[in-house]
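# Report on the structure
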Amino acid sequence: SSYASSIEEFEGEGLCEVDDEECRFMHDQIQSAAFELISPEQRDSFRGRIGSILLRSLPPEELEASLFEVVSLLNCAATNITDEECDELAELNLKAGVKASENAAFDTAKVYF
């Protein structure tokens, strides 16, 4: 894909580092430019894949600290998930909503409820 070849080019230029399934950009603007290479129709799916990777790979304490970000990423791809994934996502949204409510972040909580 053009995205994969662009990432390889970025890596060759020293703009990012790639190992296994992880790509680290040297600057936020480079990351934004790389994201722009993804077609608008595929961006939500891409965000959902990032959320899934984080959900599977973060230790429990890091997942708790990043709960809002991970759930928001997963929510981007909510229309293209299985029933089992939908149940898990509902539980994560509830957890995020409760966490936001406990911190008196009611506007944030509404997003997850």
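The following paragraphs examine the structure supplied in this document. (Residues numbered from 1 in each chain as written. Predicted model: local features only at pLDDT ≥ 70, side-chain atom pairs only at ≥ 80, totals over all residues. Heavy atoms only, no water.)

## Here we look at the overall build of the protein chain
To be explicit about the condition: Strands are runs of DSSP state E lasting at least 2 residues, helices are runs of H or I lasting at least 4, and numbering of each runs from the N terminus. Contacts are assigned to residue pairs that have any heavy atoms within 4.5 Å of one another. To be clear on the numbers: accessible area is Shrake-Rupley with a 1.4 Å probe, and residue cover counts the displayed protein chains and nothing else. Positive charge is attributed to Lys and Arg, negative charge to Asp and Glu, and no charge count is given to His or to the chain ends. Every charge is mapped onto a representative atom, which is NZ of Lys, CZ of Arg, CG of Asp or CD of Glu.
Within the protein chain, the regular secondary structure consists of seven helices and two strands. Overall, the protein chain shows an N-to-C arrangement of helices and strands of α-β-β-α-α-α-α-α-α. Considering only residue pairs separated by 6 or more positions, the protein chain has 37% of its internal contacts joining residues 24 or more positions apart. For the protein chain, the accessible surface area stands at approximately 7,900 Å², while carbon and sulfur atoms represent 51% of it. Charge centroids of the protein chain, computed over 8 positive and 25 negative side chains, lie 5 Å from each other.

## Some thoughts on unusual backbone geometry
We note that Ala 104 has phi near 60 degrees; this positive angle belongs to a residue other than glycine. With respect to the secondary-structure elements, Ala 104 resides in the loop between α6 (83–102) and α7 (106–112).

## So, a negative patch on the surface
Going by this rule: Each patch is built from residues that are more than 30% exposed by relative accessible area and take part in no salt bridge. Like charges join if they lie within 9 Å; nonpolar side chains (Val, Leu, Ile, Met, Phe, Trp, Tyr) join within 5 Å. Any Lys or Arg side-chain nitrogen found within 4 Å of a carboxyl oxygen on Asp or Glu counts as a salt bridge. Here's how the labels work: a residue is buried when its accessible area is under 20% of the maximum for its type, exposed when over 50%, partly exposed in between, all with a 1.4 Å probe on protein chains only.
A surface patch of like charges, here negative, comprises Asp 83, Glu 84, Glu 85, Asp 87, Glu 88 and Glu 91. Mapped onto the elements of the fold, Glu 84 is located in helix α6. Assessed through its relative accessible area of 65%, Glu 84 is described here as exposed.

## Re the layout of surface pockets
Rule in force here: Cavities and pockets were defined on a 1 Å grid built from protein atoms only: a cavity is a group of points that admits a 1.4 Å probe but offers it no way out, a pocket is an open group of points flanked by protein on both sides within 12 Å along at least five of seven lines, and a lining residue is one with an atom within 4 Å of any such point. Grid points are joined across faces, edges and corners, and a volume is the space filled by probe spheres set on the points.
The computed volume of the second largest pocket comes to approximately 290 Å³. Lining the second largest pocket are 14 residues, and of these Gly 48, Ser 52, Leu 74, Ile 81 and Glu 85 sit closest to its centre. If you list the elements that add at least two residues to the lining of the second largest pocket, you get α3 (40–57) and α6. Tallying contributions element by element places α3 first for the lining of the second largest pocket, with six residues.

## Notes on a nonpolar patch on the surface
The grouping of Leu 94, Val 98 and Phe 113 at the surface amounts to a nonpolar patch, some 290 Å² of accessible area in total. By the element assignment, Leu 94 lies in helix α6.

## Considering the side chain of Asn 93
Considering the arrangement of structural elements, one finds Asn 93 in helix α6. Judged by relative accessible area, Asn 93 falls into the buried class, the value being 10%. Excluding residues within four positions of it along the chain, Asn 93 makes contact with Val 71, Asn 75 and Tyr 112.

## A closer look at the packing of α3 against helix α5 (residues 67–76)
Rules: Note on definitions: angles span 0 to 180 degrees between N-to-C directions of axes, and those axes are lines fitted to C-alpha atoms, for helices only across the stretch in contact. Reported orientations rely on four angle classes, namely roughly parallel under 35 degrees, roughly antiparallel over 145, roughly perpendicular from 65 to 115, and oblique for the rest. Two helices that cross are described as forming a left-handed crossing if the nearer one is turned anticlockwise from the farther one by less than a right angle, and a right-handed crossing if clockwise. Note on residue categories: nonpolar means Ala, Val, Leu, Ile, Met, Phe, Trp, Tyr, Cys or Pro, charged means Asp, Glu, Lys or Arg, and polar means any other residue, Gly included.
Contact geometry of α3 with α5 gives a least axis separation of 6 Å together with a crossing angle of 140 degrees. When the interaxial angle is binned, α3 and α5 end up oblique. For the crossing formed where α3 meets α5, the hand is left-handed. Contact residues: Asp 44, Arg 47, Gly 48, Ile 50, Gly 51, Ser 52, Leu 54 and Leu 55 in α3; Val 70, Leu 73, Leu 74 and Cys 76 in α5. Class assignment of the residues belonging to the contact of α3 with α5 gives a composition of seven nonpolar, three polar and two charged.

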